[in-house]
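Breakdown of the fold
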Amino acid sequence: MAAIMLKGLGGAGLLVALEQSVLREQVPCLYEVAQFGLPKAFAAVILVNVIGSVFLLLSLGMKVGAARTKYGVKLPKMYAEGTDENATKFNCIQRGHQQALETYPQFLMMSVIGGLFSPVVVTFCGVIYNISRRVWAEGYATGNPDSRYSSFVAVGIWYSLLAVMGASVATAVHITGCI
């Protein structure tokens, strides 16, 4: 896990450095100050990382609602009891949604913070996060928890989360004026 974190954070540092050295020079209009003192490209962070991810979570939640009906799991029970195929299938669908909710506050907050200084990288990470989260949940929903990583795309959840964390660190360092 530590190796993955170092790899992801190192990659995030490289992406942030590229954005700062290349995109700021090549496409300066993205970094012009818009209303509220934010870079114009921050609008993409709002659209992809905030609004897009909300629609993703809503769709995963609707899948849980449909599975409740299909497999007869009544509220307020969060998970189906038993180990039969239907219980396992429902629990995997529910777990795919629940796990998304468990990491969402961190992703959202770090996207908003990191997007202040590196809006293009953070938006790119939002696209990867949203696609990866969907693929991961679809794999989980097969009823076999190991299938959540059956596609290499699913691992993008963790790399994008680490990258927005790196962008948040870059924002904090930038605010101090040390860079």
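Residues numbered from 1 in each chain as written. Predicted model: local features only at pLDDT ≥ 70, side-chain atom pairs only at ≥ 80, totals over all residues. Heavy atoms only, no water.

Points about the environment of glutamine 99
Counted only if it meets this: Under the DSSP-based scheme used, a helix requires at least four consecutive residues in state H or I and a strand at least two consecutive residues in state E, with every element numbered from the N terminus. Exposure is judged per residue with a 1.4 Å probe applied to protein chains only, and the accessible area is read against the type maximum: over 50% gives exposed, under 20% gives buried, and values in between give partly exposed. Note on contacts: a residue pair is in contact if any heavy atoms of the two residues lie within 4.5 Å.
Residue position: glutamine 99 is located in helix H3 (residues 85-117). A residue is classified by how much of its surface remains accessible, and glutamine 99, at 10% relative accessible area, is buried. A C-alpha to C-alpha distance of 9.6 Å links glutamine 99 and arginine 133, two positions 34 residues apart in sequence. Discounting chain neighbours no more than four positions away, the residues touching glutamine 99 are Arg133, Trp136 and Trp158.

Remarks on helix H2 (residues 42-71)
Short version of the rule: An expected span of 1.5 Å times one less than the residue number is assigned to each helix.
The terminal C-alpha atoms of H2 lie 42 Å apart, and with 30 residues this matches the ideal 44 Å at 1.5 Å per residue to within 8%. All buried positions along H2 are accounted for by Phe42, Val45, Asn49, Ser53, Leu56, Leu57, Ser59, Leu60, Val64, Ala67, Arg68 and Tyr71. Buried residues belonging to H2 abut H3 and helix H4 (119-140). Just downstream of H2, glycine 72 is the residue with a positive phi angle, here 70 degrees.

Observations concerning the packing of H3 against helix H5 (residues 156-176)
Heads up, the condition is: Axis definition: a line fit to C-alpha positions, over the contact stretch in the case of helices; interaxial angles, taken between N-to-C directions, run 0 to 180 degrees. Crossings are classed by handedness, with left-handed meaning an anticlockwise turn of the near helix from the far one by less than a right angle and right-handed meaning a clockwise turn. Note on residue classes: Ala, Val, Leu, Ile, Met, Phe, Trp, Tyr, Cys and Pro are nonpolar, Asp, Glu, Lys and Arg are charged, and everything else, Gly too, is polar.
In contact at an axis separation of 7 Å, H3 and H5 are set at 35 degrees when each is read in the N-to-C sense. For the element pair H3 and H5, the recorded crossing hand is left-handed. On H5, the residues touching Gln99, Thr103, Gln106, Phe107, Met110, Ser111, Ile113, Gly114, Leu116 and Phe117 of H3 are Trp158, Leu161, Val164, Met165, Ala167, Ser168, Ala170, Thr171 and His174. Of the residues in the contact of H3 with H5, the class split is 11 nonpolar, 8 polar and no charged.

Quick look at the environment of isoleucine 93
With respect to the helices and strands, the residue isoleucine 93 is situated in helix H3. In the structure, isoleucine 93 is positioned 52 residues away from proline 145 in sequence and 9.6 Å away in space, judged by C-alpha atoms. The residues contacting isoleucine 93, other than those within four sequence positions of it, are Lys63, Val64, Ala67, Tyr71 and Ala141.

Things to note about the packing of H3 against H4
A packed helix pair is summarised by two numbers, namely the angle formed by the two axes and the spacing between the axes. Going by this rule: For this classification, under 35 degrees means roughly parallel, over 145 means roughly antiparallel, 65 to 115 means roughly perpendicular, and everything else is oblique.
It is the contact of H3 with H4, at a shortest axis distance of 11 Å, that shows an interaxial angle of 180 degrees. Relative to H4, the element H3 is oriented roughly antiparallel. Contacts between H3 and H4 involve Cys92, Arg95, Gly96, Gln99, Ala100, Thr103, Tyr104, Phe107, Ser111, Gly114, Gly115 and Phe117 from the former and Pro119, Val122, Gly126, Tyr129, Arg133, Trp136 and Tyr140 from the latter. Grouping the amino acids of the contact of H3 with H4 by side-chain chemistry returns 10 nonpolar, 7 polar and 2 charged.

Considerations on the side chain of threonine 103
The condition is simple: We call two N or O atoms a polar contact when they sit within 3.5 Å, provided that within protein one can donate a hydrogen and the other can accept it, with sequence-adjacent residues counted only if both atoms are side-chain atoms.
With respect to the helices and strands, threonine 103 occurs in helix H3. Reaching out from threonine 103, the side chain makes a polar contact with the side chain of arginine 133 at a distance of 2.9 Å. Excluding residues that lie within four positions of it along the chain, threonine 103 makes contacts with Tyr129, Arg133 and Trp158.

Describing the nonpolar core
Put simply, the rule is: Among buried residues, those of type Ala, Val, Leu, Ile, Met, Phe, Trp, Tyr and Cys that are joined through side-chain atoms within 4.5 Å constitute a nonpolar core.
Grouped together as the largest cluster of nonpolar side chains are 26 residues, with contacts concentrated most on Phe107 and Val164. If you list the elements that add at least two residues to this core, you get H2, H3, H4 and H5. Leaving out residues up to four positions away in the same chain, phenylalanine 107 has contacts with Asn49, Ser53, Gly126, Tyr129, Leu161 and Val164. Of all hydrophobic cores here, the second largest spans 8 residues; its members include Val64, Tyr71, Ala80 and Ile93.

Some words on the pattern of salt bridges
Threshold: By definition here, a salt bridge exists when the distance from a side-chain nitrogen of Lys or Arg to a carboxyl oxygen of Asp or Glu is within 4 Å.
With the rule as written, the count across this model stands at 2 salt bridges. With a closest N to O distance of 3.0 Å, lysine 77 and glutamate 81 form a salt bridge. Classification of lysine 77 by relative accessible area gives partly exposed; the value is 42%. For arginine 95, the salt bridge identified is with glutamate 102, shortest N-O distance 2.8 Å.

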